[in-house]
Amino acid sequence: MKRMKKELARVMDEAVQHGETPGVLALVWRNGEEKFFHASGYADLGLNVPIRRDSLFRIHSLTKPMTAVAAMRLVERGEMDIYAPVSDFLKGFCDQRVAVSDTRSVPVKRPMRVGDLFSMTSGLPYPGAATPAERAMAQLYAELEREGREGNQPDTVAAANRMGQVPLAFQPGDKWMYGTSADVLGAVVQVVSGQPLDQYMAENVFAPLCMNDTAFWVPPEKRNRYATLYEHKNGIFSPVLAADGSLDDRFARPNLLSGGGGLLSCMDDLLQFAQMLLCGGELNEARILSQRGVEWLTHNRLSPAQMASIPWDSMNGYGYGGLVRTLLEPTKTFTLGVAGEFGWEGYAGAYMTVCPKEDLIVLLLQHCAGTPLSPLMRKVRNVVFANLGA
């Protein structure tokens, strides 16, 4: 364990010194106790503010597992049906179509189901330029961005209904595609619960777990803890500045609450969430999910054909459950690991993996855009898993 601690600290410090990241936090939890924590670098480079354990970060797509847990809570209460068509909750998903070209589409063969949202097999893309569906979604996001800057940002449900009118990339259930499924699932949660998504998640997930700093925006009294979000630009770290009302504005409560990427959090809140999953849905007498609910979310739900459609070699050896990856074949991955571990990451470097077989949690927090699966993350994983028997 001493060797692991020394090597992890070295790897992190070198990443900061070599300009890979402005700052990073890492935590290792094993066998019921914290084995390692280290902070390296800065929360604000211009002001020389060191990164701290209580620094606040945008966790981007690490929001997705939290949305999945929020939705599964409704499933367990008998309020949400995984097999139900999404159109039962969001009328914009009636009569959906699949893009064939930029000007032609065909009807869906079956309705998109709530389960397709959990497993990213819905056909909903993220904005992009590669396919007709991605280009259509990019057009919608441009409209949402413009409306937000003009002070007319639609709410979560209204935005999701408009996503339902964008032609899909493929027939529901045919393939896996990383896209807006979690955002739509968040809207379904809002409809079923009858509460705004942030209120529902706060009352049913965050408050019971004492995740007091996890939210969709940074209130004024916590802004001094917010780590500046940077990007690599022209060889230096440049702050990412979001216009008021934009989709990336996190200094005021947004109307559009993104279940796919909208949350901010801190290291200790992420640890609470990960511990709850590791402990089968319960932490400190707060039962969030049943053991079976956690197992449903964290086991592979993809068929071989769906897994073959995953375009990223970083997912080699992994399946996909309820908005989390799950490791099936460790020898096919690019890092050391253990079968059955699960987790996800965010666009600016937030990372979580939970390994029940080793009673292990590994967490990283960075705030550098475009680093969801960075060399630093892989090095940290390799050091941790190589030293589990030490």
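All chains use their own residue numbering, which begins from 1 and follows the written sequence. Local features in this predicted model are restricted to residues of pLDDT 70 or higher, and side-chain atom pairs are both shown and tallied only at a pLDDT of 80 or more, whereas totals for entire chains, interfaces and linings draw on every residue. Only hydrogens and water are set aside; all other atoms, that is, all heavy atoms of the structure, feed into the side-chain values.

So, unusual backbone geometry
Its identity is not glycine, yet Glu 285 carries a phi of approximately 70°, on the positive side. Only DSSP runs of H or I covering at least 4 residues are called helices, and only runs of E covering at least 2 are called strands; the numbering of each starts at the N terminus. Mapped onto the secondary structure, Glu 285 falls in the loop between strand E10 (282–283) and strand E11 (286–287). The classification of residues rests on relative accessible area computed with a 1.4 Å probe and restricted to protein chains. Under 20% of the type maximum is buried, over 50% is exposed, and intermediate values are partly exposed. The class for Glu 285 is exposed, based on a relative accessible area of 77%. Positive phi, close to 50°, is recorded for Asp 359, a residue that is not glycine. Residue placement: Asp 359 occurs in the loop between strand E15 (351–355) and strand E16 (360–366).

Considerations on the pattern of salt bridges
Should a side-chain nitrogen of Lys or Arg be within 4 Å of a carboxyl oxygen of Asp or Glu, the pair is scored as a salt bridge. Enumeration according to the criterion identifies 21 salt bridges in this entry. Among the salt bridges present, the one from Arg 162 reaches Glu 147, with a minimum N-O distance of 2.9 Å. Here Arg 162 is found in helix H5 (residues 156–163), whereas its partner Glu 147 is found in helix H4 (residues 132–149), with 15 residues between them in sequence. The exposure class assigned to Arg 162 is partly exposed, which follows from its relative accessible area of 26%. What makes Glu 147 buried here is its relative accessible area of 15%. Linking Arg 325 and Glu 345 is a salt bridge whose minimum nitrogen-to-oxygen distance equals 2.4 Å. Here Arg 325, found in strand E13 (residues 325–327), pairs with Glu 345, found in strand E14 (residues 342–345); they are 20 residues apart in sequence, far enough to count as distant. Both residues of the pair, Arg 325 and Glu 345, count as buried. Linked by salt bridges that have partners in common, Arg 52, Asp 54, Asp 213, Lys 222 and Arg 225 make up one network.

Quick word on the layout of surface pockets
Points on a 1 Å grid over protein atoms alone make up a cavity when a 1.4 Å probe fits among them but cannot get out, and a pocket when they form an open set with protein on both sides within 12 Å along at least five of seven lines; lining residues each have an atom within 4 Å of a point. Grid points are joined across faces, edges and corners, and a volume is the space filled by probe spheres set on the points. Looking at the largest pocket, its volume works out to about 930 Å³. Around the largest pocket, the lining is made up of 34 residues, and of these His 60, Ser 61, Tyr 126, Asp 248 and Tyr 347 lie nearest the centre. In this classification, Asp, Glu, Lys and Arg are treated as charged, Ala, Val, Leu, Ile, Met, Phe, Trp, Tyr, Cys and Pro as nonpolar, and every other residue, Gly included, as polar. The class makeup of the residues in the lining of the largest pocket is 17 nonpolar, nine polar and eight charged.

Looking at the pairing of strand E7 (residues 230–233)
With four bridges connecting them, E7 and strand E8 (residues 236–239) associate as antiparallel partners. Bridge assignment links Lys 233 to a residue of E8, and that residue is Ile 236. DSSP-based pairing: two strands are paired if at least 2 bridges between them are found. Hairpin connection, E7 to E8: the antiparallel pair is bridged by two residues, and Asn 234 has positive phi, about 55°.

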